[in-house]
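Fold and geometry: a report
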Amino acid sequence: MLDQIKGLHHVTSMARDARQNNDFFTRKLGQRRVKKTVNFDAPDVYHLYYGDEAGTAGSVMTYFPFPDIGKGRHGVGEVGTTVYSVPEGTLAYWEKRFADEGVTGLSREETFGEKRLAFAGPDGDGFALVEDKADSRVPWAKGGVPPDEAIRGFHSVSLRLKDGGATAELLKFMGYEEIEKSGNVRRLAMKNGNGADVVDIESLPAAAFADLGAGSVHHVAFAVENRAKQLEVRKALMDTGYGVTPVIDRDYFWAIYFRTPGGVLFEVATNEPGFDRDEDTAHLGEALKLPTQHQHLRPYLEQHLQKLEG
């Protein structure tokens, strides 16, 4: 069993409209935009990152907003719900805030003894807030949400799979322990993680497979401290039979990717060098930052990309 992985790093999804996406996360959710850059493989498309003040691993939601993308179809083989942690007793605040802001898909529920508020993102993305009184992470305090109610970071992701057994075994190999089961949902958790420590697996054998599009999660990333730890994880996964990519420089972290038995794309990302490598923490996410290979496109991109508030 591996001990290098320390919980979630980020979740990356697809969207249709950059301006709508930016408004939803920075204004309605009160998150900080910590980086405004572009897709490495399609530089005429933004890559937007939202999280806490510094973009700490375990708090960061990222998006590729493709203007002409079709709507995703939810099903198995994907991350179904991305869950944020909020302080105990704050769901009423968020329910009213979301209702006032026209956020859809609102419903109260209780899972594994936790009070949750489900809601939909602007493209039908599956989200929830869960009350977690033990979460001591410091929220972004300048997003228009009072600090006592503000999002702390991720609580968990929920995977929807035809058969969750093999993916559960993979997560156990990655350092997770199965701690609870309720109906067709298995809960796995990381001890001594970064606060974003839970993965739920929902088994839906009769469901259709998902189709990637706006509102779909592209991949979920797990955090390791540095490149040396990442190489140890890569070797262990390859020795176990997984096809893992070479290490890829993503400017703000190094990444490796592999496909899970249930079809979900997993990434293992380093906490280094962080989002302050090319702009100081006080001004994260303000300027358009471009990968070196796309710097020559700056004049075109500054004219072509949608203008964003903030």
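About the criteria used
In this convention, every chain numbers its residues from 1, walking through the sequence in written order. In keeping with the model being predicted, local features are shown solely for residues with a pLDDT of at least 70 and side-chain atom pairs are shown and tallied solely at 80 or more, while totals for entire chains, interfaces and linings include all residues. Excluded from the side-chain calculation are hydrogens and water; included are all heavy atoms of the structure. Secondary structure elements are taken from DSSP: a helix is a run of H or I of four residues or more, a strand is a run of E of two residues or more, and numbering for both begins at the N terminus. Between the two quantities, the radius of gyration covers C-alpha atoms and the globule rule is 2.2 Å times the number of residues to the power 0.38. Burial classification: accessible surface area is computed with a 1.4 Å probe over protein chains only, and a residue below 20% of its type maximum counts as buried, one above 50% as exposed, and the rest as partly exposed. UniProt positions are given in the numbering used here, feature names are shortened, and annotations may be inferred rather than shown by experiment. Aromatic pairing here means that ring centres of Phe, Tyr or Trp (its six-membered ring) are within 6.5 Å. Orientation follows from the plane angle: under 30 degrees is stacked, over 60 is edge-to-face, and everything else is tilted. Ring-over charges, as used throughout, are those where CZ of Arg or NZ of Lys falls within 6 Å of the ring centre and within 35 degrees of the ring normal. In this description, a nonpolar core means a group of buried Ala, Val, Leu, Ile, Met, Phe, Trp, Tyr and Cys residues linked to one another through side-chain atoms lying within 4.5 Å. Note on definitions: a residue-residue contact is assigned when non-hydrogen atoms from the two residues lie within 4.5 Å. Salt bridges are identified by distance alone: a Lys or Arg side-chain nitrogen within 4 Å of an Asp or Glu carboxyl oxygen. Here a polar contact is taken to be a pair of N or O atoms separated by no more than 3.5 Å, where protein atoms must pair a possible hydrogen donor with a possible acceptor and residues adjacent in sequence count only if both atoms sit in side chains. Two strands form a pair only when DSSP identifies at least two bridges running between them.

1. Description of the overall build of the protein
Counting its secondary structure elements, the protein contains 5 helices and 16 strands. The C-alpha atoms of the protein give 18 Å as radius of gyration, which agrees with the globular expectation for 310 residues (19 Å, within 12%). Viewed in the frame of its principal axes, the protein has a C-alpha envelope of about 50 × 45 × 35 Å. Here the protein holds 310 residues, and the buried ones make up 55% of them.

2. Looking at the UniProt feature "domain: VOC" (unreviewed entry) in the protein
In the numbering adopted here, UniProt assigns the feature "domain: VOC" (unreviewed entry) to residues 7-132 and 153-271. What you have in residues 7-132 is 17% helix and 43% strand, and the ends, taken at the C-alpha atoms, are 16 Å apart. As a span, residues 153-271 carries 18% helix and 42% strand, and end to end its C-alpha atoms are 15 Å apart.

3. Examining the UniProt feature "domain: Cyclic nucleotide-binding" (unreviewed entry) in the protein
If you check UniProt for "domain: Cyclic nucleotide-binding" (unreviewed entry), the listed places come out as residues 77-122 in our numbering. Secondary structure across residues 77-122 divides into 24% helix and 46% strand, with the first and last C-alpha atoms of the span separated by 21 Å.

4. Quick word on the packing of aromatic side chains
Evaluation of the coordinates by the stated rule reveals 18 aromatic pairs. Ring plane angle 75° and centroid distance 5.2 Å describe the contact between F24 and F25, whose orientation is recorded as edge-to-face. Taken individually, F24 and F25 each receive the classification buried, so the pair is uniform in this respect. Site record: aromatic cluster; members linked through ring pairs are F24, F25, Y50, Y63, Y84, Y93, W94, F98, F119, F127 and F154. When the ring centre of F40 is taken as origin, the NZ or CZ atom of R250, which lies over that ring, is 5.1 Å away.

5. A look at the nonpolar core
Ranked by size, the top nonpolar core spans 62 residues in total, and within it F222 and F266 carry the most contacts. Apart from residues lying up to four places away in sequence, F266 is in contact with L159, L170, L171, M174, V220, F222, I256, Y257, F258 and T260. Ranked by size, the runner-up nonpolar core spans 12 residues in total, among them V60, Y257, L265 and F275.

6. Brief notes about the pattern of salt bridges
Tallied over the full model, the rule gives 18 salt bridges. Among the salt bridges present, the one from R73 reaches D211, with a minimum N-O distance of 3.5 Å. With a gap of 138 residues between them, R73 in the loop between β4 (60-65) and β5 (78-86) and D211 in the loop between β12 (198-203) and β13 (217-224) connect regions that are remote in the sequence. Residue classification places R73 among the partly exposed positions, given a relative accessible area of 43%. On the basis of relative accessible area, D211 is assigned to the partly exposed category, the value being 40%. Notably, a salt bridge pairs R187 with D200, separated by 2.7 Å at the nearest N-O pair. Of the two residues, R187 is situated in strand β11 (residues 185-189) and D200 in strand β12; the sequence distance between them amounts to 13 residues. One exposure class covers both R187 and D200, and it is buried.

7. Some points on helix α1 (residues 18-28)
If you check which residues of α1 are buried, you get A18, N21, N22, F24, F25 and K28. A side-chain oxygen of the first residue of α1 lies 3.2 Å from the backbone nitrogen of R19; this N-cap is D17. Within two residues after α1, G30 carries a phi angle of roughly 70°, on the positive side.

8. So, the pairing of strand β2 (residues 32-38)
Counting buried residues along β2, 7 of its 7 residues qualify, which places the element largely inside the surrounding structure. The sheet contact formed by β2 and strand β3 (residues 46-51) spans 6 bridges and is antiparallel. From the neighbouring strand, K35 faces β3, where its bridge partner is Y49.

9. Side note on the pairing of β3
When a strand is regular, its side chains alternate between the sheet's two faces. Buried residues dominate β3, accounting for 6 of its 6 residues. Of the two faces of β3, the one holding Y46, L48 and Y50 and the one holding H47, Y49 and G51 are both buried throughout. With 3 bridges connecting them, β3 and β4 associate as antiparallel partners. Pairing of Y50 across the sheet is with M61, part of β4.

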